[in-house]
Amino acid sequence: MPIKVCSWNINSVRLREDSVCRLLSEETPDVLCLQECKSPEDKIPTEKFSSLGYKYLIASGQKGYNGVAILSRLPIKEIARRDFASLEHARHIAVNVDNKLNIHNFYVPAGGDIPDRNINEK
């Protein structure tokens, strides 16, 4: 059975809740990966998503410029959550979808803590 997955750097899931609902209604993905949610896990709006059939949510939430979440119509189970840069930023979550597929959702911001515009100049 094919599984349709969408990914979106949402840049605030709470501000774009209606846009997420429109995407879920129009594109009907089985799984939606969101990055840069900018929300603690308990503040992610779930009622409208659930009413559209997306009753499964696993998130690594954080206020500010981080946070990732995975919404699904199919059962999902968290399998990993990593802090690759040791910055305590919520930028990764991994789930198993319906005992068939593992999905890793990453938020990788552009740039970094140290400006490197001239990295190739000598």
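Note: the structure precedes this text.
In short, a report on the structure. None of the values given here were measured: they were computed from a predicted structure. Here the residue numbering is sequential within each chain, running from 1 through the sequence in written order. At least 70 in pLDDT is required for a residue's local features to be given in this predicted model, at least 80 for side-chain atom pairs to be given and counted, and no such filter applies to totals for whole chains, interfaces and linings, which use all residues. Values shown for side chains rest on all heavy atoms present in the structure; no hydrogens or waters enter the calculation.

**Some details on the pattern of salt bridges**
Operational definition: For salt bridges, the criterion is a side-chain nitrogen of Lys or Arg within 4 Å of an Asp or Glu carboxyl oxygen. By definition, any uninterrupted DSSP run of H or I lasting at least four residues is a helix, any uninterrupted run of E lasting at least two residues is a strand, and each is numbered from the N terminus. When accessible area is computed with a 1.4 Å probe and restricted to protein chains, residues below 20% of their type maximum are described as buried, those above 50% as exposed, and intermediate ones as partly exposed.
Taken as a whole and assessed by the stated rule, the structure comprises seven salt bridges. Two residues, Lys4 and Glu27, come together in a salt bridge whose shortest N-O distance is 3.9 Å. Residue Lys4 is located in the segment before strand E1 (5-9), and its partner Glu27 is located in helix H1 (residues 17-27); the two are separated by 23 residues in the primary sequence. Among the residues examined, Glu27 registers a relative accessible area of 38% and is labelled partly exposed. The salt bridge partner of Arg81 is Glu41, with a shortest N-O separation of 3.2 Å. Placement of Arg81 in the loop between strand E5 (76-80) and strand E6 (92-97) and of Glu41 in the loop between strand E2 (31-35) and helix H2 (47-51) is noted, with a sequence separation of 40 residues between them. Residue Glu41 is classed as partly exposed on the basis of its relative accessible area of 40%. Several salt bridges converge on common partners, so that one network encompasses Glu41, Glu78 and Arg81.

Note that all results are geometric; they support no functional claim without further evidence.
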